[in-house]
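# Topology and contacts: notes
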There are 4 protein chains.
Amino acid sequence: METTEEILARFAEVRAHTERLAAPLSPEDQTVQSMPDVSPTKWHRAHVTWFFETFLLAEHEPGFAPFQDRYWFLFNSYYEGVGPRYTRSMRGAISRPGAHDVADYRADVDARVTDLVDRVDGGTLEKLRPTIELGFHHEQQHQELLLMDIKHVLSLNPLQPVYAGAPRLPGTPDRLGWVGFDGGLVEIGATGEGFHFDNELPRHQQWLQPYRLADRLVTNGEWLDFMTDGGYRRHDLWLSDGWGRVQAERWDSPFYWHEEDGVWFEHTLHGTHPVDPALPVTHVSHYEADAYATWAGHRLPTEAEWEHAAVTQSATEENVADLDAFHPRAAGPATGRLRQLLGDCWEWTSSAYLPYPGFHPAPGAVGEYNGKFMSSQMVLRGGSALTPAGHTRAGYRNFFPPGARWPMTGVRLASGD
Amino acid sequence: METTEEILARFAEVRAHTERLAAPLSPEDQTVQSMPDVSPTKWHRAHVTWFFETFLLAEHEPGFAPFQDRYWFLFNSYYEGVGPRYTRSMRGAISRPGAHDVADYRADVDARVTDLVDRVDGGTLEKLRPTIELGFHHEQQHQELLLMDIKHVLSLNPLQPVYAGAPRLPGTPDRLGWVGFDGGLVEIGATGEGFHFDNELPRHQQWLQPYRLADRLVTNGEWLDFMTDGGYRRHDLWLSDGWGRVQAERWDSPFYWHEEDGVWFEHTLHGTHPVDPALPVTHVSHYEADAYATWAGHRLPTEAEWEHAAVTQSATEENVADLDAFHPRAAGPATGRLRQLLGDCWEWTSSAYLPYPGFHPAPGAVGEYNGKFMSSQMVLRGGSALTPAGHTRAGYRNFFPPGARWPMTGVRLASGD
Amino acid sequence: METTEEILARFAEVRAHTERLAAPLSPEDQTVQSMPDVSPTKWHRAHVTWFFETFLLAEHEPGFAPFQDRYWFLFNSYYEGVGPRYTRSMRGAISRPGAHDVADYRADVDARVTDLVDRVDGGTLEKLRPTIELGFHHEQQHQELLLMDIKHVLSLNPLQPVYAGAPRLPGTPDRLGWVGFDGGLVEIGATGEGFHFDNELPRHQQWLQPYRLADRLVTNGEWLDFMTDGGYRRHDLWLSDGWGRVQAERWDSPFYWHEEDGVWFEHTLHGTHPVDPALPVTHVSHYEADAYATWAGHRLPTEAEWEHAAVTQSATEENVADLDAFHPRAAGPATGRLRQLLGDCWEWTSSAYLPYPGFHPAPGAVGEYNGKFMSSQMVLRGGSALTPAGHTRAGYRNFFPPGARWPMTGVRLASGD
Amino acid sequence: METTEEILARFAEVRAHTERLAAPLSPEDQTVQSMPDVSPTKWHRAHVTWFFETFLLAEHEPGFAPFQDRYWFLFNSYYEGVGPRYTRSMRGAISRPGAHDVADYRADVDARVTDLVDRVDGGTLEKLRPTIELGFHHEQQHQELLLMDIKHVLSLNPLQPVYAGAPRLPGTPDRLGWVGFDGGLVEIGATGEGFHFDNELPRHQQWLQPYRLADRLVTNGEWLDFMTDGGYRRHDLWLSDGWGRVQAERWDSPFYWHEEDGVWFEHTLHGTHPVDPALPVTHVSHYEADAYATWAGHRLPTEAEWEHAAVTQSATEENVADLDAFHPRAAGPATGRLRQLLGDCWEWTSSAYLPYPGFHPAPGAVGEYNGKFMSSQMVLRGGSALTPAGHTRAGYRNFFPPGARWPMTGVRLASGD
């Protein structure tokens, strides 16, 4: 059990990390909402603060008063239970509070949370602990969203801005190998050790047929083969909805690719560079991932297959040392184990995002966290190079609509026996 | 194994039934497309004919020539493999061929199919049999669509037209009871006996926790209680996408209900009548079904739970004698078994429409029948009062997007143990 | 002053002409609404009937009761003063009343109008006369709309249906000549002789500079030169809104043209034929007309210039003998006078549709006839081959939005001195 | 004729005024595009700079090279002749160049323009003069747009930001009086003295009937009477397109008004305040202006009537001393002359924005300045409190679509005799 000091140290670190991620961004960068799915950087910085203010301070701080009345309206994301909120698609119309005002808001709430945690007795702290913990993980989720979103913002700018210098670490992935699993009656879901979101419960049994998973992610080079073979022009490879999107939006490559004089370039947070065939393909939708798997004669894994495999091999994050790489790296050498499991790309599964048998959302507004989105989305597993260190784990259920392309997604193939 | 005569008798019966369903409709009725999801009656009559022409005659009739070149373009629904097709949402712009021209088309293809089946030797007939069989079931699916669609067309007409006279058979459903099932490792999917669509394969194992199902469908009376209790105004009951629809489209009751002076009326194919509290609620979306279940403190069944229950109790169609009732009927008296399983309302499950483990679509254009729609839809089970007799069965996987309200859907509650 | 018999004869003739125009159309044809601007044939037949019922019978028939209550709701076009009405864009969803039911409605109203006119005394007849007269002209307007609309309906049908046989009367137009006018202080607007709509009043003075008008319409051949010269690709020729439409809707030729293997074809009510270079170009928007005039180094006439010229040369309809030609004809030989003034194509002017100085709409719902549309539309003059005989005149102000292409429009060039 | 020094002094002043207007705005404020019609402040600052760079430096500076290649693409507004340009509706997605980068761009172009003007000989200067002059007036137009646009941006912010302190100068307008004019054959358009845009040419004759104009603008108090009398609920007062907008967008008051507890408030650049009945109503569309005039039993003036009246009484700007008032002021005491003619509100006329007889746009890209917008817009006259001092004049033709509400518009009534 963490001590008060440990909690506060972790709080300080999580909060500081958000500010480190925003530091390279100008006030103008932090203001833009480039599409309805995207939120401005300063909105993310304020919203995670609002979360602590609303669910921790408002409920437990003696004599609580909000930092600014209207912030409750502006920085509520989707909690109907908290009251009305500003229209999501119009977040980019809000120039004030500015980036510096948000810093003031953050500092105020930081001080008050620290003060509250410092003062309460042990019993009260135990009661607050789940909310504080949820606040940490919530802020870490928004650290990834902040990066996803600013990547999109910068991608629209003809000046091709660079968010962060350097890291491109190519390599030569050896041939794709396969790792087999027996299946049978397996257990899925949170074990009760360590943090988990409510949607990882209850732990329950599932029956799996024997299956195999590719030991690394699909590479850009393999994706180029798919494209060369007419992957974006052959309707027989696609789900009907996916084919509709290919035609309506004229998809012909991954989201951040564009062609110049026969060379494919990729927009990354480290700048715009020629596509490196050794790196994992990323920013493809579920539709594209599924079409690729069909083309390759395979399929996507189910989320249970993925989790069982990851747990079986005690997957851990591989590249945490290199925190300044905001792009997945090439697979290391083959080892007979699954590579690139945690922290490269969110891997599309073939599973719809649905409640585990017996799932119940938490009571109150916090119960809106996960459950109400269990419709028309697909599960992704594994975490990405944008996910903050320490935030990935085998049981983590991420989810996006099947057409989403701005998350840092990738593809791992699966195969029946 | 059916003889040639038996096949031809069944062919004649299926084809005649379509025409019987269209008979009460004027040429004008048969022309209208009231929303993009809806197809005109005469389009349905022509499309099922095109199916036999394309997949049977074009491949097997010696010296085949199409009845009319452009019909291939006009009456292809979604088979990319067959060539380009007329825009779905513009089917209502096509006045010609008219209802009588479609009758000529049908007669010509009927004669040629009959002739073909009559002439071929036994070995060839065996090869044709799966396509003929698929054509029967395809036409039966469109018989239901024809009724669903014309119900919508007539619903928009201020003259409140009646499709068919009489049948309203009220009753008093006794209290809702529950039937329990043990679960465990069960088998799901087609057994190989009788017809099945490709999406019912492969038969496979699933692990089910113990569960209970309501012994009858939710009634209009119960739905009115939900409405009275603010069911359409309480965000906490709804999936996020569902709540978005409630607000955007101002849902406040099932699809075909409207209020006049405090009384709720329902549009049916038998006319517009006051809502009968004893009848099953119908024409509700998955979102509404899910919200209702949450409100009631229960949930929707998974498709595996539903199928296992239906197979366990050897479900059969109950009301086939009464073929002129185009609306679900009140539940009969309680028996300790599940009532209203087949042939009242399509029952929303909590399962997304996804491939069974190991599923592969058939090769060629017929392979587009089911597989390519396995995205962003929910499974429904059980058949409805609009489903033709003999077309329902326990393993049948119907599917619609979660917001669809024009199918004849209903709600059966489930409960964990 | 017309006698009762003369009025009734004209009434009978106008009413019969509508039915003659609808006669070649099947019930299915009469049901389709192919775009929101278009109304179904049977709706037009019913609406003009509703006009007599509403503005004549309802006000003057003793013991009046509507033929069918809901028809008032269904067949009101845009008269807010008469009460609510069925959504315009959904007219194609109304299968009933069918084409035969509309015939019954027409017969009933015909009989009652005849009866009313027959019975009233002279003084009353004088009071009714303006409404009867307006009803005639209103129905004639809808005769043209009926043809415009069914032309569009049939154009979408891959079977390329023909509305009426024969008339294509090519010719060889001699070189385009110019006719000059002195301008000065001229009088514009209705003189008080013969019928006029309210928007043709008050007669008033305008100052015109000297000007010249082309003595015939622009031909298809000339339009092909415009196209060959990049007319649809050169932004410098276009108004900004027009260029937006060219790009958004990919305009590359007049509305009903399409290319097959290098040959341009035109959809007409007489079938689909290769474009005849001698015929007037038709079905072009104001934007296209304006771009053409810019390309040609000229401009479009103002409505005052057009009217002054037409009055000066006592323009009359030229081709009335040939009532079965539903397409403009080639210009006859040059005469030093303006040709093709009345009854070939509605000619776009450069004048916005605005009230004449001192204009006041009539009181009551009939006052909604013209005035409320005086915004964002352009004036057209001259009548078209779809306009019924006797309905054209020099002072007639037709109007459409500048992007409209489904009216039978054409282009006459003008030039300053 | 201005000397070089005078030209450069005026250049310095115009350029400095833009920066003064932007000075109260944060980088975040300057980045937001709150609707497609609005451009970000920093875009305006850059675009007017691009105008000098493109039309002056690129054509005349020896050894010209653009400040930044991509700026040509980013800051072209609508000049097709200059090349492709960034999508207008996405200007708010461009965070870089930031507000400071734009200052650098401005400084660079300022220095180079100054240098160019300084160096050229007298003959060359005469050739450059029209472009420099156009650049001044172009920048002044954008000074007004900058204020219009930031007013909209701030209006969406729940924090109700204030752009500039103080000025609210109420008053009590005496009764509305009328001033009569004889009309007859009058001359309209630019005389050749002083600056004019191309759309004010050629000067030409028009015939006017006798008319009267209200001697002041309609006030908020009068507008409240209109609202109280059901002005926004009575279809009979409205043009058809206007009524469509009232219903679709639920208009019930001027654009920047909202009600709280029965009190109407108005958003201004000086903050949000209760509506002052003595001030002119502003931010109403042409549709609203027209409906008000109909309700009042009058009409809007034509642009010729307005110009003739303004010229007749040698109208001059009245309130230039008070440059920090960004809102129209109450009318001063009645004098028998027209009050509030220049510099309070842009006054909607009943004239569509069309070319004067004989108008020809200038050759080259500068010719796109005005002519290509002459479609579906209405003329406004008089200038507003947002128009920079010295930029208004009697012959100035401003134009907006009839539904536009974010310009600072107002209403002056007219009457036939």
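Not measured: the values here are computed from a predicted model. (Residues numbered from 1 in each chain as written. Chains lettered and ligands numbered in written order. Predicted model: local features only at pLDDT ≥ 70, side-chain atom pairs only at ≥ 80, totals over all residues. Heavy atoms only, no water.)

Counting from both sides, the interface comprises 33 residues of chain A and, opposite them, 33 residues of chain D. For the pair chain A and chain D, the number of links is two salt bridges. With its nearest N and O atoms 2.6 Å apart, the salt bridge here joins D29 of chain A to R96 of chain D. Scanning the region where chain A abuts chain D turns up 12 residue pairs in polar contact (both at pLDDT 80 or more). Sorting the residues of the side of chain A that touches chain D by element identifies helix 3 (71-74), helix 4 (99-119) and helix 5 (122-155) of chain A as the ones contributing at least two each. The class makeup of the residues in the side of chain A that touches chain D is 20 nonpolar, eight polar and five charged. (Contact = heavy atoms within 4.5 Å. Salt bridge = Lys/Arg side-chain N within 4 Å of Asp/Glu carboxyl O. Polar contact = N/O pair within 3.5 Å; in protein donor to acceptor, adjacent residues only side chain to side chain. Helix = DSSP H or I, 4+ residues; strand = E, 2+ residues; numbered from the N terminus. Nonpolar A, V, L, I, M, F, W, Y, C, P; charged D, E, K, R; others polar.)

As a further point, take the interface of chain A and chain B. Residue-level contacts link 28 residues of chain A with 28 residues of chain B. The largest per-residue losses of area from chain A upon contact with chain B belong to E80, W207 and S375 of chain A, which jointly make up 23% of the total buried on that side. The tally of links between chain A and chain B comes to zero salt bridges. Within the residue set of the side of chain A that touches chain B, elements represented by two or more residues are strand 3 (204-208), helix 7 (240-249) and strand 8 (346-352) of chain A. The class makeup of the residues in the side of chain A that touches chain B is 12 nonpolar, 12 polar and four charged. (Buried area = accessible area lost by both parts, 1.4 Å probe.)

According to UniProt, the positions carrying the feature "domain: Sulfatase-modifying factor enzyme-like" (unreviewed entry) are residues 178-329 and 338-414 of chain A. Split by type, residues 338-414 of chain A is 0% helix and 22% strand. Its first and last C-alpha atoms lie 12 Å apart. (UniProt positions renumbered as here; feature names shortened; annotations may be inferred.)

Note on the identical chains: chain A maps onto chain B by a rotation of 180° and an axial translation of 0.0 Å, with an RMSD of 0.0 Å. Both chain copies can therefore be described as sitting about a two-fold axis. By C-alpha distance to the rotation axis, the residue of chain A lying nearest is S376 of chain A, at 2.4 Å. By residue overlap, the copies meet face to face through one surface: 100% of the interface positions of chain A are interface positions in chain B. (Least-squares fit on C-alpha atoms with pLDDT ≥ 70 in both.)

Residues and elements named next belong to chain B. The strand order across the open sheet formed by three strands is 5-6-7, and the pairing between neighbours is antiparallel. The strands lining the two open edges of the sheet, one partner per strand, are strand 5 (257-260) and strand 7 (271-274). For this sheet the average axis-to-axis angle between neighbouring strands, irrespective of direction, equals 35°. As defined by bridge partners, strand 5 adjoins strand 6 (residues 263-268) across four bridges and the pair is classed as antiparallel. Note on strand 6: the bridge partner recorded for H258 is F265. Strands strand 5 and strand 6 of the sheet are contacted by helix 6 (residues 220-228), whose axis makes an angle of about 65° with strand 5. (Pairing = 2+ DSSP bridges. Axes fitted to C-alpha atoms, helices over the stretch in contact; angles between N-to-C directions.)

This paragraph deals with the packing of aromatic side chains. Aromatic rings considered in pairs are described by the distance between their centres and by the relative angle of their planes. Scanning the model with the defined rule gives 140 aromatic pairs over all chains in all. Their ring planes at 20° and their centres at 5.2 Å tell us that F181 of chain A and Y211 of chain A sit as a pair that is stacked. You can see F181 of chain A sitting in strand 1 (residues 178-181) and its partner Y211 of chain A sitting in strand 4 (residues 211-214), a full 30 residues away along the chain. Exposure remark for F181 of chain A: the relative accessible area of 9% places this residue in the buried category. Between F51 of chain B and Y79 of chain B, the ring centres sit 6.2 Å apart and the planes meet at 65°, which makes this aromatic pair edge-to-face. Remark: Y79 of chain B occurs in the loop between helix 3 (71-74) and helix 4 (99-119) and F51 of chain B occurs in helix 2 (residues 41-60); sequence separation between them is 28 residues. (Phe/Tyr/Trp six-rings, centres within 6.5 Å; stacked < 30°, edge-to-face > 60°. Buried < 20%, exposed > 50% of the residue type's maximum accessible area, 1.4 Å probe, protein only.)

Listed under "domain: DinB-like" (unreviewed entry) in the UniProt record, and renumbered for this structure, are residues 11-144 of chain A. End C-alpha to end C-alpha, residues 11-144 of chain A measures 17 Å, and it is 60% helix and 0% strand.

To continue, consider the relation of the copies chain A and chain D. Mapping chain A onto chain D calls for a rotation angle of 180° and an axial translation of 0.0 Å; the resulting RMSD is 0.0 Å. Same-surface contact between copies: 100% of interface residues of chain A are shared with the interface of chain D.

Membership of the largest hydrophobic core comes to 372 residues, with the highest contact counts inside it found for W223 of chain A, W223 of chain B, W223 of chain C together with W223 of chain D. Ignoring any residue separated from it by four or fewer positions in sequence, one finds W223 of chain B in contact with V218, Y232, P254, W257, V281, V284, E288, A289, Y292 and V411 of chain B. (Core = buried A, V, L, I, M, F, W, Y, C linked by side-chain atoms within 4.5 Å.)

Residues and elements named next belong to chain A. Running from amino to carboxyl end, helix 6 (residues 220-228) crosses helix 8 (residues 286-295) at an angle of 80°, the nearest separation of the two axes being 11 Å. Considered as vectors, helix 6 and helix 8 are oriented roughly perpendicular to each other. Note on element contacts: helix 8 touches helix 6 through E288, A289, A291, Y292 and W295, opposite E222, W223, D225 and F226. (Parallel < 35°, antiparallel > 145°, perpendicular 65-115°, else oblique.)

This part covers the domain arrangement of chain A. All names here are of chain A. As assigned here, chain A comprises domain 1 (4-155) and domain 2 (178-415). On a C-alpha basis, the centroid separation for the pair domain 1 and domain 2 is 27 Å. Every contact between the two is made by 28 residues of domain 1 and, on the other side, 28 residues of domain 2. Each partner contributes to the roughly 2500 Å² buried at the junction of domain 1 and domain 2, and carbon and sulfur atoms together form 68% of this total. It is E144, M148 and K151 that lose the most area in domain 1 upon contact with domain 2, and together they represent 29% of the buried surface on that side. (Domains from an automatic or database assignment.)

To continue, consider a negative patch on the surface. On the surface, D252, E259, E260 and D261 of chain A cluster together into a negatively charged patch. Looking at where D252 of chain A falls in the secondary structure, it is placed in the loop between helix 7 and strand 5 (257-260). (Patch = residues over 30% accessible without salt bridge, like charges linked within 9 Å, V, L, I, M, F, W, Y side chains within 5 Å. Areas by Shrake-Rupley, 256 points an atom, 1.4 Å probe, with all protein chains shown as cover. Lys, Arg positive; Asp, Glu negative; His and termini not counted. Charge placed at Lys NZ, Arg CZ, Asp CG, Glu CD.)

Moving on: the sheet that holds strand 5 of chain A. Residues and elements named next belong to chain A. Taken in spatial order, the three strands of this open sheet run 5-6-7, and their pairing is antiparallel. Of all strands in the sheet, those bounded by a partner on one side alone are strand 5 and strand 7 (271-274). Taking the axes of each pair of neighbouring strands and ignoring which way they run, one obtains an average angle of 35° across the sheet. Here strand 6 (residues 263-268) runs beside strand 7; their pairing, made up of four bridges, is antiparallel. Within the sheet, the bridge partner assigned to E266 lies in strand 7 and is H273. Running over the sheet, helix 6 touches strand 5 and strand 6 and is turned about 65° from strand 5.

Mapped onto the elements, S95 of chain B comes out in the loop between helix 3 and helix 4. Classification of S95 of chain B as buried rests on a relative accessible area of 1%. Expressed as a C-alpha distance, the spacing of S95 of chain B and A296 of chain B, which sit 201 residues apart in the sequence, is 48 Å. Setting aside its immediate chain neighbours within four residues, S95 of chain B contacts K42 of chain B together with E28, D29, V32, V153, L154 and N157 of chain C. Within polar-contact distance, the side chain of S95 of chain B engages the side chain of D29 of chain C at 2.4 Å.

All names here are of chain C. It is at 10 Å that the axes of helix 1 (residues 4-22) and helix 5 (residues 122-155) come closest, and there the two elements cross at 20°. Judged on the interaxial angle alone, helix 5 and helix 1 are roughly parallel. Crossing handedness for the pair helix 1 and helix 5: left-handed. Facing helix 1, whose interface residues are T4, I7, R10, F11, V14, R15, H17, T18 and L21, helix 5 presents L125, R129, I132, E133, F136, E139, Q143, L146 and L147. Residue composition of the contact of helix 1 with helix 5, grouped by class: nine nonpolar, four polar and five charged. (Left-handed = near helix turned anticlockwise from the far one by under 90°.)

As a further point, take the pattern of salt bridges. Residue and element names in this part refer to chain A. All told, the structure shown has 112 salt bridges over all chains when counted by the stated rule. R106 is paired through a salt bridge with E139; the nearest N and O atoms lie 3.0 Å apart. Here E139 lies in helix 5 and R106 lies in helix 4, a separation of 33 residues in the sequence. Both residues of the pair, R106 and E139, belong to the buried class. A salt bridge links R245 to E249; the shortest N-O distance between them is 2.8 Å. You can see R245 and its partner E249 sitting in helix 7, four residues apart, about one turn around the helix. Residue classification places E249 among the partly exposed residues on the basis of a relative accessible area of 42%. Taken together, the shared-partner salt bridges in this structure form one network comprising R15, E19, R45, R106, D110 and E139.

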